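Topology and contacts: notes
Below, each chain spelled out in residue letters.
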Amino acid sequence: MIPAPLPGETLRPLGLGPAHAGAFWPIAAPGRPRSRPPAARPANGRRAGRGGCRGDGARGALCPREGRADPHPTGAMEPGLARVDYLQVGVTAQKTMRLLPASGKKATQKVVVGDQDGVVTCFGIKKGEAVPVFKTLPGQKIARLELGGALNTPQEKIFVAIGPEVRGFTKRGKQFLSFETNLTESIKAMHISGADLFLCASYIYNHYCDCKDQHYFLSGDKINDVLCLPVDKVKCITPVLACQDRLLRVLQGSDLLYEIEVPGPPTVLALSNGNGGDSGEEIVYGTSDGKLGVTQITGTKPVHKWEIGNEKKRGGILCLDSFDILGDGVKELLVGRDDGMIEIYAFESADEPVLRHDYALSESIASIQGGCVGKDGYDEILAATYSGWLTGLTTEPVHREGGSGEELKLSQEMQNKISSLRNELEHLQMKVLQEREKYQQSSQSSTAVSSVPAFSVNEKFTLNKEDASYSLILEVQTAIDNVLVQSDVPIDLLDVDKNSAVVSFSSCDSEPNSNFLLATYRCQANTTRLELKVRSIEGQYGTLQAYVTPRIQPKTCQVHQYQIKPLSLHQRTHSIDHDRPMNTLMLKGQFSFAEIHSWVVFCLPEVPEKTPAGDSITFYFQNTFLGTQLESTYRKGEGYFKSDNISTISILKDVLSKEATKRKINLNISYDVSEESVRHTLKLIHPKLEYQQLLAKKVHLIDALRELQVHEGNVDFLLPKYRTILEEADQLLEEYKRQPAHLERLYGMITDLFIDKFKFKGTNVKTKVPLLLEILDGCDQDGLIAFFDAAA
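This write-up is about the structure you can find in this document. Fair warning: this is a prediction, and the values are worked out from it, not measured in the lab. (Residues numbered from 1 in each chain as written. Predicted model: local features only at pLDDT ≥ 70, side-chain atom pairs only at ≥ 80, totals over all residues. Heavy atoms only, no water.)

A few points about the overall build of the protein
Looking only at helices and strands, the protein features 11 helices and 44 strands. Sorting the 792 residues of the protein into buried and exposed places 52% on the buried side. Excluding contacts between residues fewer than 6 apart, the proportion of contacts in the protein whose partners are at least 24 apart in sequence is 60%. (Helix = DSSP H or I, 4+ residues; strand = E, 2+ residues; numbered from the N terminus. Buried < 20%, exposed > 50% of the residue type's maximum accessible area, 1.4 Å probe, protein only. Contact = heavy atoms within 4.5 Å.)

This is how it looks when you write it as structure tokens:
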């Protein structure tokens, strides 16, 4: 098995030659069979055993992310994991790959995977080659793949969700089940426990037992995943839904038992330790903003065990598994993220897990499993990526290292493998040349018709709470040539560290065509994933469009549209501070519950499109940029909106009036404005304003201070504050570059607040704006508040 990086992937070893590019995390012995006794766990919690390269037969050490070697190796032996690419299938969705149980004590496990071409592929590995067991015919795309069987027996029956249908296959590929559910839309999530089948469409949960409908539940927001606590431990059926509104909903039959608030929209659920822990009640959740946590689901209330934030700003979590890859007798938590990161968390104490290792692939990890696949006796982590690669990180020693002048001997099996790969490569190169010539001939023919090649794009457009910006992630199954970004509203493009594409801006006419942004990202060779960051201005709404062009012939492009909403920087939250001074907007008129809900969906992000059940609904929001809040309560014929920011109320009043006018609905609008709320909002903005003004001043001084340093030779004569600016110059410039137009944005918010305050009084104060800007340059909070009070 020869490890090979995926297209666009670069490994950066420290002090290692190209021959070691597939190996990382050293071991002190040629390999670690599964049967060896558990190693002692290091007491100090360091990343044990990651020492540097030695010429004593141990494999080269490469930290998967940065190539760092641990200068303090401990006594416990860590696994050396080497990258191996087994097979590529079609594009895969989340949780569509599983390992079948091993048939013998040391036998390797078969892999079963479903792709978006509708094909279920089952294969095993023999002598480093993928040997197919069965493969089904293409059809509708497969949304989920789970294993099932009678309780307390090996789970080796394969179930796939295709549209509204569930199909079952034996481990030999014989179809034994075709269950047409009563769902009117495609299945999005599935869980199987014995004879119980739990299915979820976008908002609907259904429980079937022996294919007979048992229970039904309508969720308040989109369902991302479903899980049931182990029946053999808990002794009752307890389904848990992971919902987009940052809630886990625990059900009992068709009723909601209780809701659990989690720190982000949960995207995936798994049983803790693979079995729910000692009690069977513990579940692990991963969120779309990269957070991890464990909650115990008791009969009456949840018990939060631990929670890990996303300090490294990594991608959202798509898949989880528990497996003892370190060989210490305790299962580790395996995590797959949408930015291609694979993480191994070890439980070194009872409190919470510690990140022990990570490894970066170039595309999102759709499924992850721990088991024995490549060779008998060697454990590995198997990942299925978005484009369909089945990639293993194996403990089997794939790379050998020789000392200086020592001849490196390859086994006959390895020599045959290399020879076979070379022959295959030559054959593929010849085939590419032939197909290219054929295409050139047909493209010049007057009768030939060019068909547009179809390609799949995985997209994600989400608001980041930390920096009040939107992340746009585009992932294509083939290499991206370029992405053109166009917007009809003013937005700022922010720098992204992971983005290696070259960006160029085109001048555009904003007046007649409402074209405020035109930027082209040209990607490097073999780039399949592009991440962009944009920041919008509240009150200005429209559409952001991305034109994605991959490196395929004939040239083709897909257009993807994203709505920039009027209150685009607001994010759903579970509760607000009711003690703040609030402004209130009241609407009354001949509108239905569905109509006013559609207006709220138009104005605010993270509101479910489906009209909520019941007669009325309340949503809470927080402004990610300022920290102000909004409460919206509405029903048929009336709506109430409360916010401590008068500009939020002003935007809602303008947009809701316009939407009602479009539908020829007469609105009776009234409002209650709090003078204290304006002072409160200014106090929230002012620290940010002060910080940004100070940062701008420091950045403007850097060039002059550096020139002084060059002329004088040293800077000892400077005041300490100027010496500090020189010492921190690189960090200050980096921060300033990351936040373009930040200061202008704050000036704009204060100006809007000033105009909106007096707009509700019927006074036009636009002539006083230049005076306001002068006061802002002075950055005096009391003077600013006094100006607001005296301007009337």
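From this point on, the discussion continues.
So, helix α6 (residues 675-712)
Helix length check: α6, at 38 residues, gives a terminal C-alpha distance of 55 Å against a target of 56 Å (1.5 Å per residue), a fit within 8%. Largest kink in α6: about 35°, centred on Ile-702. In the stretch just after α6, Gly-713 is the one whose phi turns positive, near 85°. (Expected span 1.5 Å × (residues − 1). Bend = angle between axes of the 7 residues up to and from the residue.)

Quick word on the pairing of strand β28 (residues 380-385)
The element β28 is largely enclosed, with a buried count of 6 among its 6 residues. In β28, alternate side chains face the same way, and those of Glu-380, Leu-382 and Ala-384 on one face and Ile-381, Ala-383 and Thr-385 on the other are all buried. Taken together, the 6 bridges between strand β27 (residues 365-371) and β28 define a ladder with antiparallel strand orientation. Its bridge partner lying in β28, Ile-365 is registered against Thr-385. The pairing of β28 with strand β29 (residues 389-394) spans 5 bridges and is classified as antiparallel. Pairing of Ala-383 across the sheet is with Thr-391, part of β29. A loop of 3 residues connects β28 with β29, the two strands running antiparallel in sequence, and Gly-388 in this loop sits at a positive phi of about 100°. (Pairing = 2+ DSSP bridges.)

Points about unusual backbone geometry
Its identity as a non-glycine residue notwithstanding, Lys-95 has a phi of 55°, on the positive side. Among the secondary structure elements, Lys-95 is positioned in the loop between β2 (81-88) and β3 (97-99). The phi torsion at Lys-313 lies on the positive side, around 55°, for a residue other than glycine. Mapped onto the fold, Lys-313 is located in the loop between β22 (302-308) and β23 (317-323).

Quick look at the pattern of salt bridges
Summed over the entire model, instances satisfying the criterion amount to 32 salt bridges. The shortest N-O distance in the salt bridge between Glu-165 and Arg-167 comes to 3.1 Å. Under the relative-accessibility criterion, Arg-167 is labelled partly exposed at 26%. Across the pair Arg-580 and Asp-644 runs a salt bridge, and its minimum N-O distance is 2.7 Å. Of this pair, Arg-580 sits in the loop between β39 (570-573) and β40 (583-589) while Asp-644 sits in the loop between β43 (638-643) and α5 (646-662), and the two are 64 residues apart along the sequence. The pair Arg-580 / Asp-644 is uniform in exposure class, with both members buried. Within this structure, Asp-221, Asp-245, Arg-249, Glu-259 and Arg-572 form a network of salt bridges that share partners. (Salt bridge = Lys/Arg side-chain N within 4 Å of Asp/Glu carboxyl O.)

Some points on the state of the cysteines
The term disulfide refers to a covalent linkage connecting the sulfur atoms of a pair of cysteines. Inspection of the entire model under this criterion finds 0 disulfides. Distance from the sulfur of Cys-200, which forms no disulfide, to the nearest cysteine sulfur (Cys-243) is 8.0 Å. Look at Cys-243 and you get buried, because its relative accessible area is 0%. (Disulfide = S-S within 2.5 Å.)

Focus: the packing of α6 against helix α8 (residues 729-738)
Where α6 meets α8, the axes come as close as 10 Å, and the angle between the chain directions of the two elements is 130°. For the element pair α6 / α8, the angle class is oblique. Note on packing geometry: the crossing formed by α6 with α8 is left-handed. Contacts between α6 and α8 involve Tyr-691, Leu-695, Ala-696, Lys-698, Val-699, His-700, Ile-702 and Arg-706 from the former and Ala-729, Asp-730, Leu-732, Leu-733, Glu-735 and Tyr-736 from the latter. Its residues placed into classes, the contact of α6 with α8 shows 9 nonpolar, 1 polar and 4 charged. (Axes fitted to C-alpha atoms, helices over the stretch in contact; angles between N-to-C directions. Parallel < 35°, antiparallel > 145°, perpendicular 65-115°, else oblique. Left-handed = near helix turned anticlockwise from the far one by under 90°. Nonpolar A, V, L, I, M, F, W, Y, C, P; charged D, E, K, R; others polar.)

What to know about the sheet that holds strand β18 (residues 255-261)
Taken in spatial order, the 4 strands make up an open sheet running β15-β16-β17-β18, and their pairing is antiparallel. Every other strand in the sheet has two partners, leaving β15 (223-228) and β18 as the edge strands with one partner each. Shown here is a sheet whose adjacent strand axes are inclined to one another by a mean of 25°, direction ignored.

Re the nonpolar core
Note on soluble globular proteins: their nonpolar side chains tend to be buried together. Val-483, Phe-641, Ile-750 and Phe-788 are the most contacted members of the largest nonpolar core, which totals 77 residues. In contact with Phe-641, other than residues within four places in its own chain, are Asn-583, Thr-584, Leu-585, Leu-587, Val-600, Leu-630, Glu-631, Ser-632, Ile-649, Leu-652 and Leu-656. (Core = buried A, V, L, I, M, F, W, Y, C linked by side-chain atoms within 4.5 Å.)

Some remarks on the sheet that holds strand β19 (residues 266-271)
Here 4 strands make up an open sheet; going across it, the order is β19-β20-β21-β22 and the pairing antiparallel. Either end of the sheet is taken by a strand with one partner, and the two such strands are β19 and β22. Adjacent strand axes in the sheet meet at a mean angle of 25° when their direction is disregarded. In this structure, strand β20 (residues 282-287) lies alongside strand β21 (residues 292-297), joined through 5 bridges in antiparallel fashion. For Ile-283, the partnering residue across the bridge sits in β21 and is Thr-295.

Looking at the packing of aromatic side chains
In total, this model carries 15 aromatic pairs according to the counting rule given. Seen from their ring centres, Tyr-541 and Phe-602 are 5.6 Å apart, and the 85° between their planes marks the pair as edge-to-face. Taken together, the residues Tyr-541 in the loop between β36 (529-536) and β37 (542-550) and Phe-602 in helix α4 (residues 593-603) connect sequence positions 61 residues apart. Judged by its relative accessible area of 30%, Phe-602 falls in the partly exposed class. A network of ring pairs unites the aromatic residues Phe-593, Phe-619, Phe-621 and Tyr-634 as a single cluster. (Phe/Tyr/Trp six-rings, centres within 6.5 Å; stacked < 30°, edge-to-face > 60°.)

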